[in-house]
Amino acid sequence: MKKLLSAVCLSALAQGVAAQPPQATGELAEAYVMPVWVDAVSEVCPWKSPSAEGYIRLIRREHDDGSHGLYVQWIRKGIAGEPAEAVSTLAVEELDQQLMLRLEMPQPTLARDACRLKSFGEDMVNERRYELDMLVRGPGELQVNITRKLDGGV
C-alpha cells in the first residue's frame, strides 16, 4: 500500500508542482494548486546535460506524524515557448523509511560538477541531531549521507 501511495504522490508532484504559477494579469486564467502535504519548495541549483538544461527543486513534505520527507526534482527548461517540466523526481527514502526527522530546508553549494545540499534535522522521538548531506548531479543522480551528531556534555 505504501508503494502505491508513494507512486500516487510522485505522480502528483510531477504533474501539479511542475506547473508554473500563472502570470499576474487582470484575470486569473488558471488556478495553481499545490498539494496540501507540501510544506516548503525551493529552487537550489542549475543542471545541464548534453541534451537539456534546467534547475533542481527541493520539495519538503510534512507527514501525518509531523516528520518531514524530502523530494528532489529535476525540472527541464522548455524551449520554443514550451513550459518547463519535471523529468525526474526522487524521494529521499532514508527520511521516509529509517528516521522520523524534523528537517531544515537544505542549503545549496554549487560545485563544478554537482550540487551539494546540507541540512540539519532533529529526531522527533529522542531529539538526537542529524546532518543530511546530499550530492546531486544530473537527472536521477542522487547520493545521500545522514550522519548522527554526538551529544555534547561534561
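Before reading on, note that the structure itself is shown above.
Structure report, in brief. Because the structure is predicted, anything quoted here is derived from the model rather than measured. (Residues numbered from 1 in each chain as written. Predicted model: local features only at pLDDT ≥ 70, side-chain atom pairs only at ≥ 80, totals over all residues. Heavy atoms only, no water.)

**Topic: the environment of Y71**
Positionally, Y71 belongs in strand β3 (residues 68-76). You can call Y71 buried: its relative accessible area is 3%. The spacing of Y71 and R61 is ten residues in sequence and 8.0 Å in space, taken between C-alpha atoms. (Helix = DSSP H or I, 4+ residues; strand = E, 2+ residues; numbered from the N terminus. Buried < 20%, exposed > 50% of the residue type's maximum accessible area, 1.4 Å probe, protein only.)

**Points about the side chain of D123**
Within the secondary structure layout, D123 lies in strand β7 (residues 115-123). Polar contacts involving the side chain of D123 include one to the main-chain amide nitrogen of V125, which spans 2.7 Å. Beyond its immediate sequence surroundings of up to four residues, D123 is in contact with L99, M100, L101, R128 and Y130. (Polar contact = N/O pair within 3.5 Å; in protein donor to acceptor, adjacent residues only side chain to side chain. Contact = heavy atoms within 4.5 Å.)

**Things to note about the state of the cysteines**
Following the criterion strictly, the structure yields one disulfide and no others. Two residues share a disulfide in this structure: C45 and C115, whose sulfurs sit 2.0 Å from each other. Taking the sign of the S-S torsion, 55 degrees for the link of C45 and C115, the bridge is right-handed. Placement of the pair is C45 in strand β1 (residues 38-48) and C115 in strand β7, with a sequence separation of 70 residues. Exposure class is identical for C45 and C115. Each is buried. (Disulfide = S-S within 2.5 Å.)

**Quick look at the nonpolar core**
Generally speaking, a soluble globular protein has its nonpolar side chains buried in company with each other. Core analysis: the biggest nonpolar cluster contains 23 residues, and I56, V72, M134 and V136 have the highest contact counts within it. Those elements that provide at least two residues to this core are β1, β2 (53-62), β3, β5 (101-103), β7 and β8 (129-136). If near-sequence neighbours (up to four positions away) are discounted, M134 is found in contact with L58, L70, V72, V92, P106, C115, R116, L117, L142, Q143 and V144. (Core = buried A, V, L, I, M, F, W, Y, C linked by side-chain atoms within 4.5 Å.)

**Some thoughts on the layout of surface pockets**
Its boundaries defined by the atoms lining it, the second largest pocket holds a volume of some 190 Å³. As for the second largest pocket, its lining consists of 13 residues, of which P46, W47, K48, D113 and A114 are closest to the centre. With three residues, β1 is the single largest residue contributor to the lining of the second largest pocket. A per-class count over the lining of the second largest pocket returns eight nonpolar, one polar and four charged. (1 Å grid on protein atoms, 1.4 Å probe; cavity = no way out; pocket = protein on both sides within 12 Å on 5 of 7 lines; lining within 4 Å. Points joined across faces, edges and corners; volume = space filled by probe spheres on them. Nonpolar A, V, L, I, M, F, W, Y, C, P; charged D, E, K, R; others polar.)

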